[in-house]
Amino acid sequence: MSMRAFHISKEGNKTEITEIITSLTISGEYRSCARMCQFGIVHAAGDERTWLIRIDVGDIIKVIDVDKVMFQGPVWTKSKVTETNEIDYTCNDYGIYLKKNKASYVFNKMTPEAIAKKVCGDFGVKIGSLSITGVPISRKFFNVSLYDIIMTAYSLANDKKYYCIFEGELMYMLEKGKKECTPLESDVNLLTASVSESLNNMVNRVRVYSKEDKLLKEFTEEADAKLYGYLTEIIRISSNDEDYTKKAKDMLEGVERKISVTNFGTSEYITGKKVNVTEPYTGLTGIFYIDGDEHNWKNGIYTNKLTLNFENMMDDKDSGSENK
């Protein structure tokens, strides 16, 4: 097994725990900047050797595959029941601090990259790199999570798709779908594939109302409405000169088509990248975007489970309000 896992105590003591781990899963999703690591360790009541390592909430877990850091972050939950000889842990990487910290800011003509740098600097979040937009944003936020502040700024900048991810202690704001993984092919590295279609998130009509509840405009995807019936969302604007067109159009969603595949485990298949898939039985051929990933190690076997999408999606945010 190329995966190695380490426990770093609050005192800074580092211990390898690979040999006592029963299974380990690292997962991520494009709508969350915090990747997760779940694992179990042997903790038998009759075997004192399994009691030598004590892992507590707040301790740091670091997972390496070959020479790549796959995960690093604090233990968030710990559970033990009498029926098993195992302790189960759930960890989050440092992205959890963008989710769990809220703040209030007023930004006047600052680019998203400058906003991200300011927010991260104030809260001690280390930055690896930030996508450069060069587009000034004026926005005020009150009691909004750091993640929503940063993603709102990037959502308002342009039509590109961005995502937030941590590698070790460093935060990166990257353009989604810009990096491509090794192709997945049947009888080569692709194990299974499945396709799903869903109307759960469809919105084919958006109605815009004034603050006096007067209908101002309606945006409709007539083709989808004819096939599936109207599925409507409402926007209420706060002032008559508010630009609602982009917001309304961004809310329109068609049939959600997703693909789930499993493949031989490789560290390169991470949320935010794209991959070329060739699977003749299901007819899957072409470029797909990785919306979610799982990296599983069990019984010495390493596999990936990927959630793929035909479309390049972004976790669009619209927190705060316009700063005039």
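Up top is the structure these notes are about.
We now turn to the structure provided with this report. Predicted, not measured: the structure shown is a model, and the values here were computed from it.

1. Observations regarding the environment of Leu252
- With respect to the element layout, Leu252 can be found in the loop between α5 (245-251) and β18 (256-264).
- Residue Leu252 is classed as buried on the basis of its relative accessible area, which comes to 16%.
- Separated by 33 residues in the primary sequence, Leu252 and Phe219 have C-alpha atoms spaced 8.3 Å apart.
- Apart from the residues lying within four places of it in its own chain, the contact partners of Leu252 are Val203, Asn204, Arg205, Val206, Phe219 and Glu221.

2. As for the sheet that holds strand β8 (residues 102-110)
- Strand order in the open sheet formed by 3 strands is β8-β10-β22, and the pairing between neighbours is antiparallel. Either end of the sheet is taken by a strand with one partner, and the two such strands are β8 and β22 (321-322).
- Against the sheet, helix α2 (residues 112-122) engages β8 and β10 (137-145), with an angle of about 145° to β8.
- Sheet strands touched by helix α3 (residues 146-157): β8 and β10. Its angle to β10, the strand with the most contacts, is close to 155°.

3. Description of the pairing of strand β1 (residues 3-8)
- Where burial is concerned, most of β1 is hidden: 5 out of the 6 residues are buried.
- The sheet contact formed by β1 and strand β5 (residues 60-65) spans 6 bridges and is antiparallel. Pairing of Ile8 across the sheet is with Ile60, part of β5.
- With 3 bridges joining them, β1 and strand β2 (residues 14-16) adopt antiparallel strand pairing. The residue bridging Ile8 from the neighbouring strand is Lys14, located in β2.
- From the end of β1 to the start of β2, which pair antiparallel, there are 5 residues, and Gly12 there has a positive phi angle of about 95°.

4. Focus on the side chain of Asp315
- Mapped onto the elements, Asp315 comes out in the loop between β21 (301-309) and β22.
- A distance of 2.6 Å separates polar atoms of two side chains, one belonging to Asp315 and the other to Tyr147.
- Not counting residues within four places of it along the chain, the set of residues in contact with Asp315 comprises Tyr30, Arg31, Tyr147, Met151 and Ser155.

5. Description of α2
- Among the residues of α2, those classed as buried are Pro112, Glu113, Ile115, Ala116, Val119 and Cys120. Summarising the axial view, the buried residues of α2 lie within an arc of 155°, below the 170-degree limit, and thus occupy one face. Relative to its buried face, α2 has exposed residues pointing more than 90 degrees away, namely Lys117 and Gly121.
- Along its buried surface, α2 packs onto β8, β9 (126-130), β10, α3 and β12 (170-175).
- Positive backbone phi, at 70°, marks Gly124, one or two positions downstream of α2.

Reading guide: rules and limits
Residues numbered from 1 in each chain as written. Predicted model: local features only at pLDDT ≥ 70, side-chain atom pairs only at ≥ 80, totals over all residues. Heavy atoms only, no water. Helix = DSSP H or I, 4+ residues; strand = E, 2+ residues; numbered from the N terminus. Buried < 20%, exposed > 50% of the residue type's maximum accessible area, 1.4 Å probe, protein only. Contact = heavy atoms within 4.5 Å. Pairing = 2+ DSSP bridges. Axes fitted to C-alpha atoms, helices over the stretch in contact; angles between N-to-C directions. Polar contact = N/O pair within 3.5 Å; in protein donor to acceptor, adjacent residues only side chain to side chain. Arc of directions from axis to C-beta.

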